[in-house]
Amino acid sequence: MNVEPGLYVLRYASGADVRLSPLVEVACDPRSQQSVSLISDPRVANGVLSAPGAALVVRATAPASLRIAVRASEPGGSLEARITLDPISRALGAPVSPVEADARVPFGGLSVPGTGSAAVQVLGHLARRGDVRVGSGEWLGGPAAPLPIEGIAVAGVPQSYGLEYQVRSGIRRVQWSPWVQAGGFAGSRGQATPLLGVRLRVRGGGAELRAEALFLGSPIVSRSGAEVELVGLSDRDPMVGLSLSLANSELLKGAGESSPATRDAPAKVRVFRAGAL
């Protein structure tokens, strides 16, 4: 979804049913992170619209793109949501005309048709750069742009998966943090303390983790399974890249079958651009 420079309100106008309406998650396209910001209700995770009536503010300083993902509130639940974009202000000469867009999102909020990959979002605090958000399978830092990662938070994961994670860090005393549930932040900000390792585990939902990490001076480490641990060759190698995805093993087994539980289903995400206020 593209936006012109200006200030907007993105509203979750309606779903198929108030009780069963899907979760809507909004994120900046990685190429637009420097020119757009999202401002959410402080009581909820940033970029998350949990039910019809929820809204967030979009501030764009240059033409930018947003990514909108829809996840069913329960297995086999509705993926139909109506979202409106209302400009509060916009740059002169940037026309806003009514637009409706339909998007296809695979069954259960999956992001890659036929693979069973959950729409994971990883927020990481990078040294000298700040908070950066990436999608499922995308690199936070990584081979192309390595930077020490000081903290992470993982969102967009169904509660039934029971995702938890902990990080390893420290300067004089290196230790593992307590386990943090999905959506929580593990690590630090502004303390120049890079992560030296990360552990992730899922406890339900037939889920499988797929993770890769890059540590300074080491080759890429790849792990998969219900529980993974990513550490460098030595106790002091800082993590400078992380890529994470989450797959439903049951869906992977049934990939290619025509059963309703494994085939792609249209989400019918409808986005409207209203005229200037």
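To be clear, the structure that these remarks concern was listed above.
To start, this report covers the structure provided alongside it. Because the structure is a prediction, the values reported are computed rather than measured.

## Topic: the overall build of the chain
When helices and strands are tallied, the chain shows one helix and 25 strands. Taken over 277 residues, the chain has a buried fraction of 48%. Pairs at least 24 apart in sequence give 71% of the contacts found in the chain among residues at least 6 apart. Entry remark: accessible area of the chain is about 13400 Å², with carbon and sulfur atoms responsible for 52%.

## Some thoughts on the pattern of salt bridges
With the rule as written, the count across this model stands at eight salt bridges. For Asp131, the salt bridge identified is with Arg189, shortest N-O distance 3.0 Å. Of the two residues, Asp131 sits in strand β13 (residues 130-135) while Arg189 sits in the loop between β19 (185-187) and β20 (197-201), which places them 58 residues apart along the sequence. Here Asp131 falls in the partly exposed class, since its relative accessible area comes to 42%.

## A look at the sheet that holds β13
Pairing in this open sheet of four strands is antiparallel, and the strands run β13-β12-β15-β19 from one edge to the other. Both edges of this open sheet fall to β13 and β19, since each of them pairs with a single strand only. Pairwise comparison of adjacent strand axes, ignoring direction, gives a mean angle of 20 degrees for this sheet. As defined by bridge partners, strand β15 (residues 149-155) adjoins β19 across three bridges and the pair is classed as antiparallel. Counterpart to Ile152 in the pairing with β19 is Ala186.

## Overview of the environment of Ser78
Here Ser78 lies in the loop between β7 (64-71) and β8 (81-90). Measuring from C-alpha to C-alpha, the distance between Ser78 and Leu20 comes to 6.8 Å, with 58 residues separating the pair along the chain.

## Some details on the sheet that holds β7
One key point about sheets: their strands pair by backbone hydrogen bonds, in either a parallel or an antiparallel sense. Here four strands make up an open sheet; going across it, the order is β1-β7-β3-β5 and the pairing antiparallel. Each edge of the open sheet is held by one strand with a lone partner, namely β1 (2-3) and β5 (48-49). Looking at chain direction, strand β3 (residues 23-28) and β5 are connected through two bridges and run antiparallel. Looking at the pairing, Val24 lines up with Leu49 of β5.

## Details of the nonpolar core
The biggest cluster of nonpolar side chains holds 35 residues, and the ones touching the most others in it are Ile152 and Tyr165. No other element matches the five residues that strand β21 (residues 207-215) contributes to this core. Counting 21 residues, the second-largest nonpolar core is a separate cluster that includes Tyr8, Val24, Leu66 and Ala81.

## Notes on the packing of aromatic side chains
Throughout the structure, instances matching the rule amount to zero aromatic pairs. Across from the ring centre of Phe185, 3.9 Å away, lies the NZ or CZ of Arg189, which sits over that ring. Across from the ring centre of Trp179, 3.7 Å away, lies the NZ or CZ of Arg201, which sits over that ring.

Conventions used here
Residues numbered from 1 in each chain as written. Predicted model: local features only at pLDDT ≥ 70, side-chain atom pairs only at ≥ 80, totals over all residues. Heavy atoms only, no water. Helix = DSSP H or I, 4+ residues; strand = E, 2+ residues; numbered from the N terminus. Buried < 20%, exposed > 50% of the residue type's maximum accessible area, 1.4 Å probe, protein only. Contact = heavy atoms within 4.5 Å. Areas by Shrake-Rupley, 256 points an atom, 1.4 Å probe, with all protein chains shown as cover. Salt bridge = Lys/Arg side-chain N within 4 Å of Asp/Glu carboxyl O. Pairing = 2+ DSSP bridges. Axes fitted to C-alpha atoms, helices over the stretch in contact; angles between N-to-C directions. Core = buried A, V, L, I, M, F, W, Y, C linked by side-chain atoms within 4.5 Å. Phe/Tyr/Trp six-rings, centres within 6.5 Å; stacked < 30°, edge-to-face > 60°. Lys NZ or Arg CZ within 6 Å of the ring centre and 35° of its normal.

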